[in-house]
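# Breakdown of the fold
So you can see what is in the structure, the chains are spelled out below.
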Amino acid sequence: MRIAKRLITEEAITITVDGKPYSAYPGDTVASAIYATGKRAWHRSRSNEARGLFCGMGVCYDCLVTVDGVDNLRACQTLVRAGMTVTTNLESETL
Amino acid sequence: MHQQAELVVVGGGPGGLEAALSAASLGVQVSLLDAGRRPGGQYFYQPPSCIAPYATRRQRKGAKLWDQVRQAGVRIQSETLVWDLVTSGSEKKLYCYDPQGSFVLKARAVILATGAYERPAAFPGWTLPGVLLTGGAQTLLYQGVLPGKKVLLVGTGPLQLVVAKKLLDAGAQVVAVLEGCSTSKLVSKGLSQIGALWGQWERLAEGAGSLATLVRRGVPYRAGWGILAAHGTREVEGATIAKLDSDWRLIPGSEQEVACDTVCIGYGLIPFNTLSKLAGAEQAWRQELGGEVPVRSETLETSVASVYAVGDGAEIGGAHLSRLEGRMAGLVVAARLEHGKDVVQETMAKLIPALRHERRFQRLYEELFTPGPGIYTLAQEDTLICRCEGVTKEKLSRAVENGVGTFVEAKDATRCGMGECQGRMCGHQVAQFIARSTGKTVDEVGLFHARPPVFPLPIGTLAQVEEE
């Protein structure tokens with residue numbers, strides 16, 4: 001959820017996450033853009049658990065995503081770009 | 001591609017910025033390497049430009065400091081990771097990785113200002129989405145996003161209060177702030193060492209201001225309380241909390257249930273000492289300083305000549321201490337490299353009393369906010385200790401029963417610490433667990449060995465450098 005009081009001065013851009021369009025702002029990380037939609041889990045751990053943001057500073061590697069074909073990027077350290085394609089290894093139904 | 005500098009500073013947080021500035025101002029040729037996209041580290045975390053008009057005072061201060069560094073002629077390299085540090089003769093070689101690939105940087109002296117990361121501690125439910133480290137929640141807030149609607153903060157120290165206030169301001173509900181240190185200790189220690197607080201007005205005002213807001217908004221601040229478990233099927237839906245004894249162990253019978261959708265845990269910081277360790281610098285276990293830290297001389301030099309360590313990456317002491325240490329190390333290196341000889345003595349004479357005073361504050365802070373051993377006793381048999389490799393407490397217990405007595409042996413037996421985080425999340429927890437189970441000290445159990453690359457790198461990156 002976006003903080004209502006924060007006035008955002010730039011136009012929204014669109015990224016694709018698992019085939020769905022997500023609205024994001026320049027300066028968002030992939031993690032903050034996903035979090036802003038209310039979704040808080042997007043990575044399946046080796047222990048088959050749903051994970052998302054934990055440390056938020058690039059240390060824990062719980063938030064891994066694939067961006068434009070590049071695997072294992074930390075969503076919390078990856079800035080959004082218009083047209084970026086993000087894929088995750090988590091589909092909630094299969095957990 | 002090889003590059004050279006007289007001094008390389010690793011880390012662009014408060015300590016690194018000051019180190020680079022003080023050395024460069026005296027004529028040293030300095031390269032500053034920072035992993036972040038923007039300057040400042042975690043302390044001066046810079047918000048995205050699209051909401052920059054809302055930058056806090058601290059963020060503006062950080063941006064100003066960065067400007068000074070640039071104007072002093074420091075070569076600044078952002079988005080650059082240092083993944084190995086070796087000494088060859090009188091030269092230091094830093095193996096770096098940036099978006100263009102790998103390169104080697106040679107230097108006559110290195111100041112490590114690598115900062116710290118947050119200390120996690122496992123409890124049932126700690127891997128549920130919605131459980132975050134407090135600093136991570138703060139970063140989300142800076143990005144203009146709420147971590148949750150109904151938040152419980154658990155842990156210790158003033159950061160909890162500050163983030164709780166930011167959450168309230170952003171429109172979240174704060175269920176409670178649980179502080180592990182008891183009220184009686186907070187009051188008695190605070191009063192008995194009031195001198196250590198003298199002059200710390202800005203810091204005290206921030207803490208007091210946040211606390212006042214919480215009280216006014218009816219948020220319970222419970223000292224001497226902690227978390228027992230987080231519950232929920234897909235995400236956090238609630239938590240069990242309880243009173244703690246002086247070792248921060250749960251007092252049976254005091255449990256309470258609270259509803260919340262988010263739990264922020266903040267048990268303080270762990271120094272990022274991997275690079276000094278990798279360079280071969282002697283380390284010591286100092287629980288009150290954050291754990292394993294490099295042994296340093298009075299001039300902040302590690303046991304490896306011309307490798308200095310400052311700030312939270314060397315011992316947890318906060319941003320003010322980091323800045324003072326950074327300034328000092330910058331001066332020491334300048335003097336060593338025969339720059340600005342006439343002013344070094346004079347500047348140093350002013351720095352020393354300031355450092356001494358800041359260390360008094362650091363000691364009080366340690367006494368109050370070093371988590372007790374109880375935080376490492378919350379995991380149940382099926383609770384994961386190693387998040388990356390999915391190693392449960394039960395698996396670790398079995399390994400210990402089978403004779404495992406050091407961290408390295410536990411790693412071989414269970415794969416704990418072998419995942420992407422390289423043991424940064426589980427390291428202390430595994431070491432504490434083995435120490436408790438075997439009756440050894442944490443020092444004897446040890447932590448993971450530092451091996452290059454200290455960050456996961458794309459395949460081929462290492463080969464790229466070897467070929468040169």
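Everything that follows concerns the structure shown earlier in this document.
Described below are features of the structure shown in this document. Keep in mind it's a predicted model, so treat the numbers as computed, not measured. (Residues numbered from 1 in each chain as written. Chains lettered and ligands numbered in written order. Predicted model: local features only at pLDDT ≥ 70, side-chain atom pairs only at ≥ 80, totals over all residues. Heavy atoms only, no water.)

### As for the overall build of chain A
- When its secondary structure is counted, chain A shows one helix and seven strands.
- Moving toward the C terminus, one meets the helices and strands of chain A in the order β-β-α-β-β-β-β-β.
- For 95 residues, the compact-globule estimate of 2.2 N^0.38 gives 12 Å, and chain A sits close to it at 13 Å.
- By its C-alpha atoms, chain A is 40 × 25 × 25 Å across when sized along the principal axes.
- Taken over 95 residues, chain A has a buried fraction of 51%.
- Summarising the internal contacts of chain A: among those between residues at least 6 apart in sequence, 40% fall at separations of at least 24.
- Summed over its atoms, the accessible surface of chain A is roughly 4200 Å², and 51% of this surface lies on carbon and sulfur atoms.
- Within chain A, one finds 11 positive and 10 negative side-chain charges whose respective centroids are separated by 6 Å. (Helix = DSSP H or I, 4+ residues; strand = E, 2+ residues; numbered from the N terminus. Rg over C-alpha atoms; globule rule 2.2 N^0.38 Å. Buried < 20%, exposed > 50% of the residue type's maximum accessible area, 1.4 Å probe, protein only. Contact = heavy atoms within 4.5 Å. Areas by Shrake-Rupley, 256 points an atom, 1.4 Å probe, with all protein chains shown as cover. Lys, Arg positive; Asp, Glu negative; His and termini not counted. Charge placed at Lys NZ, Arg CZ, Asp CG, Glu CD.)

### Let's talk about the pairing of strand S6 (residues 70–74) of chain A
- Note that strand S5 (residues 64–67) of chain A and S6(A) share three bridges and pair antiparallel. Bridge pairing links A:Val65 to A:Leu73 in S6(A). (Pairing = 2+ DSSP bridges.)

### Let's talk about the state of the cysteines
Residue and element names in this part refer to chain A.
- Summed over all chains, the structure comprises zero disulfides over all chains.
- Cysteine Cys55 is unpaired, with the sulfur of Cys60 as its nearest cysteine sulfur at 3.8 Å.
- Residue Cys60 is classed as buried on the basis of its relative accessible area of 4%. (Disulfide = S-S within 2.5 Å.)

### Observations concerning the sheet that holds strand S15 (residues 262–266) of chain B
Residues and elements named next belong to chain B.
- In space, the five strands of this open sheet follow the order S8-S15-S9-S10-S11, with parallel pairing throughout. Of all strands in the sheet, those with a lone pairing partner are strand S8 (131–133) and strand S11 (221–223), marking the two edges. Going across the sheet, the axis of each strand differs from the next one's by a mean of 20 degrees, ignoring polarity.
- The pairing of S8 with S15 spans three bridges and is classified as parallel. Bridge assignment links Leu132 to a residue of S15, and that residue is Cys264.
- Relative to the sheet, helix H4 (residues 158–169) contacts strand S9 (150–155), strand S10 (173–179), S11 and S15, its axis offset from that of S9 by approximately 175 degrees. (Axes fitted to C-alpha atoms, helices over the stretch in contact; angles between N-to-C directions.)

### Observations regarding the nonpolar core
All names here are of chain B.
- Leu94, Val131, Leu152, Val263, Met425 and Val430 are the most contacted members of the largest nonpolar core, which totals 100 residues.
- Broken down by element, the residue count for this core peaks at six residues, all from strand S6 (residues 101–112).
- Once residues lying within four places of it in the same chain are set aside, the contact partners of Leu94 are Val8, Val10, Val82, Asp84, Leu85, Phe103, Val104, Leu105, Ala107 and Val110.
- By size, the runner-up hydrophobic cluster in this structure holds 42 residues, among which are Leu132, Leu140, Val174 and Leu214. (Core = buried A, V, L, I, M, F, W, Y, C linked by side-chain atoms within 4.5 Å.)

### Describing the interface of chain B and chain A
- Across the boundary between the two partners, chain B contributes 50 residues, which contact 37 residues of chain A.
- Together, the buried faces of chain B and chain A total about 3800 Å²; carbon and sulfur atoms form 56% of this surface.
- Seen at the junction of chain B and chain A, the total is four salt bridges.
- A salt bridge links A:Arg46 to B:Glu420, with the shortest nitrogen-to-oxygen separation between them at 2.6 Å.
- Looking at the side of chain B that touches chain A, the elements with two or more residues in it are strand S7 (116–118), S8, helix H3 (134–142) and S15 of chain B.
- The greatest single-element share of the side of chain B that touches chain A, amounting to six residues, is contributed by H3(B).
- Across the side of chain B that touches chain A, the residue classes break down as 26 nonpolar, 13 polar and 11 charged. (Buried area = accessible area lost by both parts, 1.4 Å probe. Salt bridge = Lys/Arg side-chain N within 4 Å of Asp/Glu carboxyl O. Nonpolar A, V, L, I, M, F, W, Y, C, P; charged D, E, K, R; others polar.)

### Quick look at the packing of aromatic side chains
- This structure, assessed with the given rule, holds nine aromatic pairs over all chains.
- Members of the aromatic cluster, each reached through a chain of ring pairs, are B:Phe361, B:Tyr365 and B:Phe369. (Phe/Tyr/Trp six-rings, centres within 6.5 Å; stacked < 30°, edge-to-face > 60°.)

### A word on a nonpolar patch on the surface
- Side chains of B:Val187, B:Leu191 and B:Ile194 sit close together on the surface and give an oily, nonpolar patch of about 300 Å² of accessible area.
- Inspection of the secondary structure puts B:Ile194 in helix H6 (residues 194–197). (Patch = residues over 30% accessible without salt bridge, like charges linked within 9 Å, V, L, I, M, F, W, Y side chains within 5 Å.)

### Let's talk about the side chain of B:Lys411
Residue and element names in this part refer to chain B.
- Take Lys411: it is sitting in helix H12 (residues 407–414).
- Nearest to the buried, unbridged Lys411 among oppositely charged side chains is Asp412, at 7.0 Å.
- Apart from the residues lying within four places of it in its own chain, the contact partners of Lys411 are Cys416, Gly417, Met418 and Phe448.

### A closer look at the sheet that holds S5(A)
Residues and elements named next belong to chain A.
- Spatially, five strands are ordered S2-S1-S7-S5-S6 in an open sheet, and the strand pairing comes out mixed. Whereas interior strands pair on both sides, the edge strands pair on one side only; in this sheet they are strand S2 (20–24) and S6. Ignoring strand direction, the axes of neighbouring strands in this sheet form an average angle of 40 degrees.
- As paired strands, strand S1 (residues 13–17) and strand S7 (residues 85–87) are joined by two bridges and run parallel to one another. Within S7, the position partnered with Thr16 by the bridge is Thr85.

### Digging into the pattern of salt bridges
Residues and elements named next belong to chain A.
- On inspection of all chains with the given rule, the structure shows 26 salt bridges over all chains.
- Notably, a salt bridge pairs Glu49 with Arg51, separated by 2.6 Å at the nearest N-O pair.
- Overall, the relative accessible area of 24% leaves Glu49 in the partly exposed class.
- Exposure remark for Arg51: the relative accessible area of 1% places this residue in the buried category.

### Thoughts on unusual backbone geometry
Residue and element names in this part refer to chain B.
- Each neighbour pair has its own omega, and for Pro452 with Pro453 the value is -5 degrees, a cis peptide bond.
- Mapping Pro453 onto the fold places it in the loop between helix H14 (442–445) and helix H15 (461–466).
- Of note in this structure, Ser306 is not a glycine but carries a positive phi near 70 degrees.
- Although it is not a glycine, Glu338 adopts a positive phi angle of roughly 60 degrees.

### Observations regarding the packing of H4(B) against helix H7 (residues 201–216) of chain B
Residue and element names in this part refer to chain B.
- Two elements in contact, H4 and H7, have axes whose closest approach is 8 Å; the angle formed by their N-to-C orientations is 50 degrees. Taken as axis vectors, H4 and H7 run oblique relative to one another. When the axes of H4 and H7 are compared, the crossing they make is left-handed. Mapping the contact onto sequence places Leu161, Val162, Ala164, Lys165 and Leu168 in H4 and Glu206, Gly207, Ser210, Leu211, Thr213 and Leu214 in H7.
- The residue inventory of the contact of H4 with H7, partitioned by class, reads six nonpolar, three polar and two charged. (Parallel < 35°, antiparallel > 145°, perpendicular 65-115°, else oblique. Left-handed = near helix turned anticlockwise from the far one by under 90°.)

Any functional reading would require information that these geometric values do not contain.
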